[in-house]
Amino acid sequence: MNFLLGAFKPACNISITFTDGKNRKQVPIKKDNGQIVMNPLFQSQETIAGKIHIDPYQGKKVEHNGVKVELLGQIEMYFDRGNFYDFTSLVRELDVPGEIYERKTYPFEFSSVEMPYETYNGVNVRLKYVLKVTVTRGYAGSIVEYQDFVVRNYVPPPPINNSIKMEVGIEDCLHIEFEYNKSKYHLKDVILGKIYFLLVRIKIKNMDLEIRRRESTGAGANTHVETETLAKFELMDGAPVRGESIPVRVFLSPYDLTPTHTNINNKFSVKYYLNLVLVDEEDRRYFKQQEITLYRLKEEAS
Amino acid sequence: MIADDDEKWLADDIAAVKQNAFYMQRAIDSNNLKDALKFSAQMLSELRTSKLSPHKYYELYMRVFNELGTLEIFFKEETGRGCSIAELYELVQHAGNILPRLYLLCTIGSVYIKSKDVTTTDILKDLVEMCRAVQHPLRGLFLRSYLAQVTRDKLPSIGSELAGDGDAQMNALEFVLQNFTEMNKLWVRMQHQGSSREKEKREKERNELRDLVGKNLHVLSQLEGVDLGIYRDTVLPRILEQVVNCKDELAQCYLMDCIIQVFPDDFHLQTLDVLLGACPQLQPSVDIKTVLSGLMERLSNYAASSVEALPNFLQVEAFSKFNYAIGKVVEAQVDLPAAGSVTLYLFLLNFTLHVYSDRLDYVDQVLGSCVTQLAATGKLCDDKAAKQIVAFLSAPLEKYNNVVTILKLTNYPRVMEYLDHETNKAMTIIIVQSVLKNNTHIATADEVDALFELAKGLIKDFDGTIDNEIDEEDFQEEQNFVARLVHKLYSDDPEEMSKIIFTVRKHILTGGPKRLPLTIPPLVFSALKLIRRLRGGDENPFGDDASATPKRILQLLSETVEALSDVSAPDLALRLYLQCAQAANDCELETVTYEFFTKAYLLYEEEISDSKAQVTALRLIIGTLQRMRIFNVENRDILTHKATGYSARLLRKPDQCRAVYECAHLFWTDECEKLKDGERVVLCLKRAQRIADTVQKMTNASRGTSSTGSVALYVELLNKYLYFLEKGNTEVTGDTIKSLAELIRSETKKVESGAESFINSTLRYIEFQRQQDGGMSEKYEKIKMEWFE
């Protein structure tokens with residue numbers, strides 16, 4: 001039994017370690033099968049270096065036509081699953097064709113890699129970075145090993161960040177004025193604001209603030225838009241009267257948000273909206289949606 | 001049905017609370033912050049229900065409240081374990097639902113304040129601001145009530161270790177005020193939600209919740225460092241602003257009362273104008289009486305409790321402020337019924353009487369204000385108002401127990417003018433009763449004048465109204481009061497007393513025919529009393545021009561009594577004339593006495609027609625005349641002659657007989673030798689006997705139907721003879737008596753006279769006198785009767 005199993009096993013074990021692997025921050029990533037694994041975190045312009053160990057199984061030798069490592073940035077559309085579009089591809093040859101008898105270690109380094117896009121796991125699209133090690137063999141098929149890693153890019157706070165202020169209403173029925181303190185929020189930010197009721201003729205039951213993500217994939221006629229509500233945060237309970245001003249304070253940190261992505265490689269966009277929803281006693285919904293920009297701010301403390 | 005549902009929902013909610021509380025407790029025991037938050041939020045979610053009535057909701061709230069206590073302790077411990085409180089403060093705000101989020105926020109907020117990590121002010125401000133998010137009245141009220149509850153013992157005050165500085169303290173104040181304002185808004189809003197059909201039910205429910213709102217005021221009053229200045233400049237105006245602006249009857253009523261009850265007396269005193277200034281701005285439907293009465297009662301008690309407070313009352317002019325305020329209230333509330341405004345003045349009056357008992361001018365001012373008010377509404381017609389006004393007018397009476405004081409109140413009668421006459425009468429009786437009960441000494445004519453002016457209701461008829469429905473008995477009773485009142489008027493100074501009498505007379509004469517017979521006698525007797533007093537003193541201490549001479553008074557009385565004869569009460573008039581005559585006699589005023597007799601005779605002749613009345617009147621005349629000493633012979637003769645003449649002209653013979661033998665006394669006066677005319681005495685008796693004879697004949701003629709009359713007449717005559725015999729009238733001879741006795745004996749033999757016992761006792765008397773020693777037996781020696789042999 002063991003023998004048989006051994007026959008179908010790859011001839012060697014390949015492992016990839018990063019130079020600062022122990023200290024590097026790991027972030028959770030959800031895999032296809034729903035499992036959550038921790039992957040190291042990088043950002044653009046970082047040097048990605050490490051070692052690759054090739055460990056033949058006991059008593060076996062590995063004959064190969066060369067060993068190489070690739071750094072790939074891939075976009076995968078779910079309607080076209082398994083078909084990756086590589087927007088970044090870097091290769092390092094590690095070995096010339098030959099044979100490996102015992103454990104062999106190859107250092108590698110991609111210095112100052114340009115990784116413009118962030119890792120993203122959406123409803124219809126995925127953007128991921130991966131290190132791919134290939135031991136090329138002629139007849140038996142190449143041995144391939146992948147190591148995912150995560151890229152997040154930090155941006156400085158925007159120099160201009162106006163508040164969102166707007167008066168909306170239905171004539172003779174409902175007039176409100178709302179204000180959010182900014183139009184651009186970082187991912188751990190707090191939305192502050194207030195909702196001012198100028199006219200209330202309907203019986204409001206409650207008021208929520210929703211954070212919605214709009215993911216559009218494809219281009220032109222094939223554009224596919226998927227909207228999901230990531231958060232539903234109750235702002236108000238009961239019916240206000242004219243002149244009431246309701247405070248808004250929403251912490252963004254509990255929610256699984258990403259920065260706003262605009263037209264990533266012509267493949268997809270991710271936008272965020274704040275949706276203010278008023279529900280009346282007959283469960284009619286009155287809402288107003290406002291786009292906000294999310295960005296990732298370098299976390300000072302951590 | 002609904003109540004059942006209510007119970008069921010409550011039971012469900014409580015079960016859910018219990019369950020989540022259990023899990024929360026377990027998470028707390030294992031120091032699992034995340035789960036503790038999760039389950040506490042779930043537990044708190046039960047408070048999001050809209051199904052429960054306020055009462056049941058309160059029950060639910062109390063359950064949750066108890067559990068939150070545990071959570072608060074846990075939060076405190078958690079911060080000890082290195083979890084920063086600021087983080088916790090953020091963490092609880094991740095809760096998706098607003099109500100659990102805010103409850104948690106308040107809970108952690110209270111821990112935060114205690115931790116002294118941040119300025120208390122910031123947290124308080126944040127909490128009270130965030131709580132705006134709950135606009136549902138019931139849930140909002142309870143949430144804010146929770147906020148007030150958990151922060152209550154943590155509010156910074158001067159001297160407290162939490163106090164950053166004076167600012168913090170001001171801000172704590174701001175916090176409570178704002179919380180109060182918001183709660184009140186929510187509370188008021190409850191009224192306007194839902195269908196109008198359930199208005200009453202809602203009002204009831206709201207009433208159950210009022211203490212949640214009121215508690216804030218209590219907290220304010222407990223807040224350390226709130227001194228008069230702060231109260232005056234910040235607290236009170238802010239509260240009042242809210243109270244006035246909410247335009248809600250229930251709230252205004254309750255909160256005004258709250259303000260009055262929770263803050264100290266001297267604050268009220270110093271801020272009276274502000275507090276009172278708010279009153280006219282309240283809704284017309286607010287029962288402002290209760291509010292003001294509460295305030296005045298409190299201040300009255302305050303004044304009563306400490307003597308030092310009194311100068312403050314004067315200093316702040318509490319009275320005029322109240323007076324002004326009430327005027328304003330009445331002015332502002334156009335629809336206020338008369339009863340309402342009168343009640344207001346009643347409270348003011350009570351207050352004034354309590355606090356300023358020595359300030360009659362204030363009392364008078366109150367009355368004056370009331371008059372002004374009444375002038376606008378006209379006469380009071382409804383019972384309630386009448387009742388109030390009676391209470392209003394009685395208050396000073398009860399306080400001072402002295403009508404004389406009341407008489408100094410110029411506005412008092414003016415108020416009375418606005419009463420309908422039923423009420424007026426009732427009020428007058430109260431006044432009079434007060435006089436009688438307290439034995440009030442009313443000693444000057446001016447006072448008397450004022451009093452009678454006041455008591456007009458009893459003394460004269462109202463203009464043009466003649467109601468026949470007056471119960472005779474009641475009327476008598478009323479006039480009885482007047483009569484008693486007249487007797488109470490007394491001055492030691494005869495001059496003044498006579499003035500009093502003049503005054504009383506002036507008033508009484510306006511009384512009309514029904515009253516005069518009842519009111520004149522006391523006046524007359526009161527005057528006679530005075531005359532007697534004058535006579536007792538020096539001849540004439542005042543000189544000739546003084547009004548208080550007996551003559552003048554008698555003159556007056558003569559005129560007064562004359563009024564009686566006009567109103568067909570001749571019997572009474574006659575009696576009074578005779579009384580006067582007697583007084584005049586005592587004063588030795590012959591012509592006056594004579595005049596009175598003339599008048600009496602005139603009355604007798606012209607007005608008294610009933611035979612029985614004639615008998616009585618004649619007796620009186622004879623009796624009085626017998627006592628007269630001052631007449632000269634001529635006058636006396638005229639009068640006696642007339643009297644005798646009247647006697648003989650009486651309708652019934654027995655009456656004639658009796659009257660005639662009574663006349664015999666007119667010729668025999670013990671004290672005065674010259675008035676002993678034995679001859680004429682016997683003449684009279686003889687004449688009487690003759691009449692008796694006629695009676696006897698008539699009786700005999702109609703025997704069978706018999707009357708006992710004549711024999712009794714004879715016995716009476718016999719007694720008269722005996723009387724004069726004893727008095728020493730020499731004209732009375734033994735023979736006369738003997739023959740009379742014989743006559744009696746023969747008559748009694750003929751018929752059963754019915755007068756046996758009278759005869760026998762007379763005879764026994766004669767026998768007895770005969771046995772006596774001394775002069776009497778001698779006189780009786782003359783009588784020798786066979787009867788006794």
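Counting restarts for each chain: residues are numbered from 1 in the order of the written sequence. A letter from A marks each chain and a number from 1 marks each ligand, given out in the order of writing. Residue-level local features of this predicted model are given only where pLDDT is at least 70; pairs of side-chain atoms are given and counted only at 80 or more, and the full residue set underlies all totals for whole chains, interfaces and linings. Derived side-chain values reflect all non-hydrogen atoms in the structure, with water molecules and hydrogen atoms excluded from consideration.

As a reminder of what qualifies: UniProt positions are given in the numbering used here, feature names are shortened, and annotations may be inferred rather than shown by experiment.
You'll find chain B entered in an unreviewed UniProt entry as Vacuolar protein sorting-associated protein 35, with Camelina sativa given as the organism. Here is the UniProt Sequence similarities (unreviewed entry) comment for chain B, exactly as written: "Belongs to the VPS35 family." Under the UniProt heading Subcellular location (unreviewed entry), the note attached to chain B is "Membrane".

As recorded in an unreviewed UniProt entry, chain A goes by the name Vacuolar protein sorting-associated protein 26A-like, listed as coming from Camelina sativa. Taken from UniProt, the Sequence similarities (unreviewed entry) comment for chain A reads in full: "Belongs to the VPS26 family."

### Concerning the nonpolar core
To keep things clear, this is the line we draw: Here, nonpolar core refers to any group of buried Ala, Val, Leu, Ile, Met, Phe, Trp, Tyr and Cys residues whose side-chain atoms link them within 4.5 Å. When a residue's accessible area, from a 1.4 Å probe over protein chains only, is under 20% of the maximum for its type it is buried; when over 50% it is exposed; and in between it is partly exposed. The contact criterion used throughout is that any non-hydrogen atoms of two residues lie within 4.5 Å.
Grouped together as the largest cluster of nonpolar side chains are 336 residues, with contacts concentrated most on Phe197 of chain A together with Ile259, Phe313, Phe392, Tyr412 and Leu554 of chain B. Non-local contacts of leucine 554 of chain B, meaning those with residues more than four positions away in its chain, are made with Leu528, Ile531, Cys580, Ala583, Ala584, Leu589, Val592 and Phe596 of chain B.

### Examining helix H9 (residues 199-222) of chain B
Put simply, the rule is: In DSSP terms, a helix is any run of H or I states spanning at least four residues, a strand is any run of E spanning at least two, and both are numbered starting from the N terminus. Take the residue count of a helix, subtract one, and multiply by 1.5 Å to get its expected span.
Between its terminal C-alpha atoms H9 of chain B stretches 35 Å, which fits the 34 Å expected from 24 residues at 1.5 Å a residue. Looking at H9 of chain B, one finds that the buried residues are Arg202, Glu205, Arg206, Leu209, Leu212, Val213, Gly214, Asn216, Leu217, Val219 and Leu220 of chain B.

### Remarks on the interface of chain A and chain B
The condition is simple: Two parts placed together each lose some accessible area under a 1.4 Å probe, and the buried area is that loss summed for both. Basic side-chain nitrogens of Lys or Arg form a salt bridge, by our definition, when they fall within 4 Å of a carboxyl oxygen of Asp or Glu. Polar contacts here mean pairs of N or O atoms no more than 3.5 Å apart (in protein, one a potential hydrogen donor and the other a potential acceptor; neighbouring residues in sequence count only if both atoms are side-chain atoms).
On the chain B side, the residues contacting the 19 residues of chain A number 24 residues. Taking both sides of the interface into account, the surface hidden between chain A and chain B amounts to around 1,700 Å²; carbon and sulfur atoms contribute 47%. The largest contributions to the chain A side of the interface with chain B come from Glu234, Asp237 and Arg249 of chain A, which together make up 36% of the buried area. On the surface where chain A and chain B come into contact, there are five salt bridges. When the shortest N-O distance is used, the salt bridge between arginine 132 of chain B and glutamate 244 of chain A registers 3.6 Å. Seen at the junction of chain A and chain B, the total is 14 residue pairs in polar contact (both at pLDDT 80 or more). Elements represented by at least two residues in the side of chain A that touches chain B include exactly strand E18 (224-237) and strand E19 (245-251) of chain A.

### Remarks on the sheet that holds strand E1 (residues 12-18) of chain A
Adjacent strands of a sheet form backbone hydrogen bonds with each other and so pair up, either parallel or antiparallel. Residues and elements named next belong to chain A. The condition is simple: By the convention used here, strands pair only if DSSP detects at least 2 bridges between them. Axis definition: a line fitted to C-alpha atoms, limited for helices to the stretch in contact. Angles are taken between N-to-C directions and run from 0 to 180 degrees.
With respect to topology, three strands assemble into an open sheet ordered E1-E4-E9, the strand pairing being antiparallel. The outermost strands of the open sheet, each flanked by one partner alone, are E1 and strand E9 (104-110). Taken over all neighbouring pairs, the strand axes of this sheet differ in orientation by 20 degrees on average, direction set aside. In this sheet, strand E4 (residues 48-56) lies alongside E1 in antiparallel orientation, the contact comprising seven bridges. Looking at the pairing, serine 15 lines up with histidine 53 of E4.

### So, the pattern of salt bridges
Applying the stated criterion to the full structure yields 38 salt bridges over all chains. The closest approach of N and O atoms between arginine 24 of chain A and glutamate 46 of chain A, which form a salt bridge, is 2.9 Å. With a gap of 22 residues between them, arginine 24 of chain A in the loop between E1 and strand E2 (26-30) and glutamate 46 of chain A in the loop between strand E3 (36-42) and E4 connect regions that are remote in the sequence. Look at arginine 24 of chain A and you get buried, because its relative accessible area is 15%. Several salt bridges share partner residues, and in doing so they unite Glu244 of chain A together with Glu129, Arg132, Glu182, Lys185 and Arg189 of chain B into one network.

### A look at the layout of surface pockets
Residues and elements named next belong to chain A. Selection rule: Buriedness for pockets is judged along seven lines, at least five of which must meet protein on both sides within 12 Å for an open set on the 1 Å grid over protein atoms alone, while cavities are sets there where a 1.4 Å probe fits but cannot get out, and lining residues have an atom within 4 Å of a point. Grid points are joined across faces, edges and corners, and a volume is the space filled by probe spheres set on the points. Gly falls in the polar group here, along with every residue not listed as nonpolar (Ala, Val, Leu, Ile, Met, Phe, Trp, Tyr, Cys, Pro) or charged (Asp, Glu, Lys, Arg).
Taken as a whole, the second largest pocket holds about 860 Å³ of empty space. For the lining of the second largest pocket, the secondary-structure elements that each account for two or more residues are E2, strand E10 (120-121) and E18. Among the elements that take part in the lining of the second largest pocket, E2 stands out by supplying four residues, more than any other. Taken together, the residues that form the lining of the second largest pocket break down as 15 nonpolar, six polar and eleven charged.

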